[in-house]
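Descriptive structure summary
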Amino acid sequence: MTPLPTATRARRAALPVALCAGLTAMLTACGEDPDAGTNGVGKLSATEIETKARATADAAVSVRLSGTLVSKGGTYKLNMRLKHDGGTGSVTSKDNTFEVLRVGKALYLKADAGFWSGGDGKGDEEPSETDAEAAGKLDDKYVKVPEGDPAYNQFRGFTDMDVLLEGLLGMQGELSKGDRTQVGGVRTIKVIGGEGEGGTLDVALVGKPYPLQFARAGGAGVLTLGDWDKDFPLAAPSKDETVDYGRQLPKTSD
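Cut-offs and rules
- Residues numbered from 1 in each chain as written.
- Predicted model: local features only at pLDDT ≥ 70, side-chain atom pairs only at ≥ 80, totals over all residues.
- Heavy atoms only, no water.
- Pairing = 2+ DSSP bridges.
- Helix = DSSP H or I, 4+ residues; strand = E, 2+ residues; numbered from the N terminus.
- Core = buried A, V, L, I, M, F, W, Y, C linked by side-chain atoms within 4.5 Å.
- Buried < 20%, exposed > 50% of the residue type's maximum accessible area, 1.4 Å probe, protein only.
- pLDDT = per-residue confidence, 0-100.
- Contact = heavy atoms within 4.5 Å.
- Phe/Tyr/Trp six-rings, centres within 6.5 Å; stacked < 30°, edge-to-face > 60°.
- Lys NZ or Arg CZ within 6 Å of the ring centre and 35° of its normal.

Of the strand pairs in this sheet, strand 2 (residues 74-83) and strand 3 (residues 86-92) are connected by 7 bridges, and their pairing is antiparallel. Paired with Leu 82 across the strands is Gly 87, a residue of strand 3. Hairpin connection from strand 2 to strand 3: 2 residues lie between these consecutive antiparallel strands. Bridging between strand 3 and strand 4 (residues 97-103) involves 7 bridges; their strand directions are antiparallel. By the bridge assignment, Gly 86 is partnered in strand 4 with Val 103. Linkage of strand 3 to strand 4, two consecutive antiparallel strands, is achieved through a turn of 4 residues.

Looking now at the nonpolar core. For soluble globular proteins, the rule of thumb is that nonpolar side chains tend to be buried together. Counting 49 residues, the largest nonpolar core has Phe 98 and Trp 228 as its most contacted members. Formed by 6 residues, the second largest nonpolar core is a distinct cluster that contains Leu 101, Ala 106, Tyr 108 and Leu 234.

Taken as a whole, the protein chain shows an average pLDDT of 82; of its residues, 76% reach a score of 70 or greater. Per-residue pLDDT stays below 50 along residues 23-30; that stretch engages in 0 contacts with residues further than four places along the chain or on separate chains.

Moving on, we come to the packing of aromatic side chains. For the coordinates displayed, the defined rule picks out 7 aromatic pairs. Put simply, the rings of Tyr 76, Phe 98, Phe 115, Trp 116, Phe 155 and Phe 158 pair up and form one aromatic cluster. Taking the ring centre of Phe 232 as reference, the NZ or CZ of Lys 83 above it sits at 4.8 Å.

Attention now goes to the environment of Val 100. Relative to the elements of secondary structure, Val 100 occurs in strand 4. Taking the relative accessible area as the measure of exposure, Val 100 reaches 1% and is therefore buried. Along the chain, Val 100 and Phe 155 lie 55 residues apart, while their C-alpha atoms are 7.5 Å from each other. The residues touching Val 100, leaving out its near neighbours within four places in the chain, are Met 80, Gly 87, Thr 88, Gly 89, Val 91, Leu 107, Tyr 108, Leu 109, Phe 155, Phe 158 and Thr 159.

Listed below in structure tokens is the structure:
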């Protein structure tokens, strides 16, 4: 057998090496670009990502907000659909679950008799016969809340898209970028606030950079935001479903 010239052997040996090197470079390039196929916000700074997410949320016409909110007054589980002119959904506290509906300025609550029976909400004070009778009439009805009632602003807050988003998505301290992950099957990037005070925001990497989840600082709850810009019906309840209690509501147990 005639041996190949040294130069030919060298070229043949170099060919598979070059092919492997080229393939490796291609695979490495793919692996090093986590923003391929995304909206590109992952390439921005943490502050720029948060700014874009807030601007996108501010421009949205509707959202579904669900999850747990911990405040000084207790822990609430929210499941709300919100627009700029109202909202509807349910709020669950330690002792009660109630539905809240707002259409424009008109605000309605719907709950069972236990919610309306008064007392301190801890079982230490029994409702009077008058309170119990009133609560029975309000049971499972939409009760219109007078605008002058002390409870109006408290319960209205659960239906105010602008106020909720402003208050719940606020981040404090120096922002930094976190891991890329998924929320509800959508690729996201985390923006992390200052240690112990800023919370963690997941921003969509696909489509518009909507905020999709917010873990509030200090274990104050985790909220998921979805159905952005998806319309839903919002209308006042029918008359036979509604009770207009009058100028002031009875004391609730919530």
